[in-house]
Amino acid sequence: MKAAKYTRYGPPEVVSVVETDKLQPGPNEVLIKIHATTVNRTDCGFRSAEYFVSRFWSGLFRPHTTVLGNEFAGEIAAVGEEVTLFHIGDRVFGYDDSRFGGHAEYKVVAENSTLSLIPDCVAYHEAAPITEGAHYALANIRAAKVKAGQQVLVNGATGAIGSAAVQLLRYFGAYVTAVCATPHVDLVKHLGADVVVDYLATDFTRTNQKFDFIFDAVGKSSFRQCKPLLEKNGIYVSTELGKNGENVPLAILTPIFGGRKVIFPIPGFNTEDIQLLGKLVTEGHFKPVIDRRYSLNQIVDAYRYVETGQKIGNVVIDVVT
Ligand SMILES: NC(=O)c1ccc[n+]([C@@H]2O[C@H](COP(=O)([O-])OP(=O)(O)OC[C@H]3O[C@@H](n4cnc5c(N)ncnc54)[C@H](OP(=O)(O)O)[C@@H]3O)[C@@H](O)[C@H]2O)c1
């Protein structure tokens, strides 16, 4: 089978599409013929090991997992003898950030992992990007305990995480102010934002409005900048560590003093969560934004584009073209 492999950390060019041995499912596993996957910021982080700390998970000197791709959509091609939940031919989408392996023609996963049936009327390329951005968004929204009617600001509303956050926050009944660049104002309104701030025209931190929760989905702001915008017990979260990694100590210290605080939750994701996302897609509450599509052979170009930091939503790889 074809797989996009890398055996050393580095720029996009360390990845190449090669022939590898076809996989066999274990007793409790399913073999998935991948139709579509994504290149996302997690893949970029693991491939480049730009943050040295990531090597404690991915391998100190060289990557343990040589085929990346943590979200995928495809068709069950074979099942282990003890599998009961899925059948050959089922259309499934899933998320696997421990074994990765989506950047290939086939992948095995445990049947009880974060895997779910693709809702009817959703194509493979639309199902592949359901999980990564949305699970980060969901984890942060839950950690902030957002309630209906609360005022929430999302900075970076056009990223994979931000565009999912706007839609999920609307679903949970929050009043959403979203920040993006001029060309994307209409898109972000369409995602459901109540107010859109064009960051090229207005500095969002210079408002008198107060928010219960500020979610910086691109990590371009700081707690110090956003603190004056927070309600008395308001919460700030960023998808990045911040300057000198400040968001981690702030998440430890600010809750001790009470009042406005930083949180830095470790995202979790389970079978119920992926089923919830599938249900929200079916009901029309959530639709992942797709920017560009590439073939597996063009994966290096896809990495280059994702690393511009300017992708809008998600970049899909069509493994079956
Ligand atoms: N390390 C990891 O494993 C990991 C995993 C997932 C995500 N993350 C982090 O999470 C963040 C978001 O990732 P993502 O995949 O959702 O999105 P992304 O690929 O980082 O997309 C960034 C989006 O934000 C917008 N943007 C850029 N500069 C901005 C600014 N100053 N203010 C507001 N918007 C701005 C860009 O569009 P416009 O500029 O055109 O508006 C683009 O749409 C990234 O910082 C990423 O590193 C890290």
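Only a predicted model underlies this, so the values are computations on that prediction, with no experimental measurement involved.

Cut-offs applied
Residues numbered from 1 in each chain as written. Predicted model: local features only at pLDDT ≥ 70, side-chain atom pairs only at ≥ 80, totals over all residues. Helix = DSSP H or I, 4+ residues; strand = E, 2+ residues; numbered from the N terminus. Rg over C-alpha atoms; globule rule 2.2 N^0.38 Å. Buried ≥ 20, exposed ≤ 12 C-beta atoms within 10 Å, placed from the backbone. Contact = placed C-beta atoms within 7 Å. Near = placed C-beta within 6 Å. Nonpolar A, V, L, I, M, F, W, Y, C, P; charged D, E, K, R; others polar. Domains from an automatic or database assignment. Core = buried A, V, L, I, M, F, W, Y, C linked by C-beta atoms within 7 Å. Pairing = 2+ DSSP bridges. Right-handed = clockwise from strand over helix to strand, strands pointing away. Axes fitted to C-alpha atoms, helices over the stretch in contact; angles between N-to-C directions. Expected span 1.5 Å × (residues − 1).

**Looking at the overall build of the protein chain**
Next up, step 1: Helix and strand counts for the protein chain come out as 10 helices and 15 strands.
Next up, step 2: A globule of 321 residues ought to have a C-alpha radius of gyration of about 20 Å, and the protein chain, at 20 Å, matches this closely.
Next up, step 3: Principal axes of the C-alpha set define a box for the protein chain whose edges measure 60 × 45 × 40 Å.
Next up, step 4: A total of 321 residues make up the protein chain; the buried ones form 46% of that total.
Next up, step 5: Look at the contacts in the protein chain between residues 6 or more apart in sequence, and 67% of them connect residues 24 or more apart.

**With respect to the environment of proline 183**
Next up, step 1: In this structure, proline 183 sits in the loop between strand 9 (175-180) and helix 6 (185-191).
Next up, step 2: The spacing of proline 183 and leucine 200 is 17 residues in sequence and 9.8 Å in space, taken between C-alpha atoms.

**Description of the site of the ligand**
Next up, step 1: The environment of the ligand is made up of 28 residues, and the closest members are Thr158, Gly159, Ile161, Ala181 and Thr239.
Next up, step 2: Mapped onto the shell around the ligand, the elements with two or more residues apiece are helix 1 (41-48), helix 4 (132-143), helix 5 (160-171) and strand 9.
Next up, step 3: Tallied by class, residues from the shell around the ligand come to 10 nonpolar, 14 polar and 4 charged.
Next up, step 4: Counting contributing residues, the shell around the ligand receives three or more from each of domain 1 (2-131 + 269-318) and domain 2 (133-262).

**Some remarks on the domain arrangement of the protein chain**
Next up, step 1: The assigned domain composition of the protein chain is domain 1 (2-131 + 269-318) and domain 2 (133-262).
Next up, step 2: The C-alpha centroid of domain 2 is placed 27 Å from the C-alpha centroid of domain 1.
Next up, step 3: With 15 residues of domain 1 at the contact, the number on the domain 2 side is 12 residues.
Next up, step 4: In terms of residue count, the dominant contributor to the side of domain 1 that touches domain 2 is helix 9 (residues 271-282) (3 residues).
Next up, step 5: Per-class residue counts for the side of domain 1 that touches domain 2 are 9 nonpolar, 5 polar and 1 charged.

**Observations concerning the nonpolar core**
Next up, step 1: Core analysis: the biggest nonpolar cluster contains 84 residues, and Val152, Val154, Ala165, Val166 and Leu169 have the highest contact counts within it.
Next up, step 2: No other element matches the 7 residues that helix 5 contributes to this core.
Next up, step 3: Composition of this core by domain shows at least three residues from each of domain 1 (2-131 + 269-318) and domain 2 (133-262).

**Considerations on the pairing of strand 10 (residues 195-198)**
Next up, step 1: Pairing of strand 9 with strand 10 involves 4 bridges; the strand directions are parallel. Counterpart to valine 179 in the pairing with strand 10 is valine 197.
Next up, step 2: Handedness of the strand 9-helix 6-strand 10 crossover: right-handed.

**Things to note about unusual backbone geometry**
Next up, step 1: Residues other than glycine seldom take positive phi values, yet phenylalanine 100 does so here, at roughly 50°.
Next up, step 2: Among the structural elements, phenylalanine 100 can be located in the loop between strand 5 (91-95) and strand 6 (106-110).
Next up, step 3: Look at asparagine 244: it is not a glycine, yet its phi comes out positive at around 55°.
Next up, step 4: Looking at the element boundaries, asparagine 244 is found in the loop between strand 12 (230-238) and helix 8 (247-257).
Next up, step 5: Taking the C-beta count within 10 Å as the criterion, asparagine 244 has 8 such neighbours and is therefore assigned exposed.

**Looking at the sheet that holds strand 10**
Next up, step 1: Taken in spatial order, the 6 strands line up as 10-9-8-11-12-13 in an open sheet, and their pairing is parallel. Two strands lie at the open edges of the sheet, namely strand 10 and strand 13 (261-262), each paired on one side alone.
Next up, step 2: Looking at chain direction, strand 8 (residues 151-155) and strand 9 are connected through 5 bridges and run parallel. Counterpart to asparagine 155 in the pairing with strand 9 is valine 179.
Next up, step 3: Sheet strands touched by helix 5: strand 8, strand 9 and strand 11 (211-216). Its angle to strand 8, the strand with the most contacts, is close to 165°.

**Some points on helix 5**
Next up, step 1: For helix 5, built from 12 residues, the straight-helix expectation of 16 Å at 1.5 Å per residue is met to within 8% by its first-to-last C-alpha distance of 17 Å.
Next up, step 2: In terms of residue burial, helix 5 counts as a mostly covered element, since 10 of its 12 residues are buried.
Next up, step 3: Buried residues in helix 5 make contact with helix 4, strand 8, strand 9, helix 6, strand 11 and strand 15 (314-318).
Next up, step 4: Of the residues trailing helix 5, glycine 173 is marked for its positive phi of about 90°.

**Observations regarding the environment of valine 218**
Next up, step 1: Note that valine 218 resides in the loop between strand 11 and helix 7 (223-226).
Next up, step 2: C-alpha separation for the pair valine 218 and proline 255, spaced 37 residues apart in sequence, amounts to 23 Å.
Next up, step 3: Once residues within four sequence positions are removed from consideration, valine 218 is found in contact with Asn155, Gly156, Gly159, Gly162 and Thr239.

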